[in-house]
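For reference, the chains in residue letters:
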Amino acid sequence: MEYILYTIDCPNCKILENKLKEKGINYEDCKDIDIMEEKGYVHLPILSVGGTDYNFNNAMKYIEGVIK
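It should be emphasised that the depicted structure is a prediction, and the values quoted were computed from it without experimental measurement.

## Digging into the packing of aromatic side chains
Enumeration according to the criterion identifies three aromatic pairs in this entry. With a centroid separation of 6.3 Å and an interplanar angle of 55 degrees, the aromatic rings of Tyr-3 and Tyr-62 are classed as tilted. Of this pair, Tyr-3 sits in strand S1 (residues 3-6) while Tyr-62 is found in helix H3 (residues 56-63), placing the two residues 59 residues apart along the sequence. Comparing Tyr-3 with Tyr-62 shows no difference in burial state: the two are buried. With 5.0 Å between their ring centres and 65 degrees between their planes, Tyr-6 and Tyr-41 make a pair best called edge-to-face. Separated by 35 residues along the polypeptide, Tyr-6 in strand S1 and Tyr-41 in the loop between helix H2 (33-39) and strand S3 (46-49) bring together distant segments of the chain. Residue classification places Tyr-6 among the buried residues on the basis of a relative accessible area of 5%. Each member of the aromatic cluster is reached from another via a ring pair, and the members are Tyr-3, Tyr-54 and Tyr-62.

Conventions used here
Residues numbered from 1 in each chain as written. Predicted model: local features only at pLDDT ≥ 70, side-chain atom pairs only at ≥ 80, totals over all residues. Heavy atoms only, no water. Phe/Tyr/Trp six-rings, centres within 6.5 Å; stacked < 30°, edge-to-face > 60°. Helix = DSSP H or I, 4+ residues; strand = E, 2+ residues; numbered from the N terminus. Buried < 20%, exposed > 50% of the residue type's maximum accessible area, 1.4 Å probe, protein only.

In structure tokens, the structure reads:
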């Protein structure tokens, strides 16, 4: 499964990044504002899991196994 974290290093971005590391989930991070604008992302962070995008709250639930 491919994980991409779209981040601008905001506080929530850091929390999500730390949670991914804590759970041992390997991910790529994307800090390219142009790519994020192309995708229409307004609020960050966004975690893309195999092409499915999760906002911060749902990404945290996904990592904890609440959302599959």
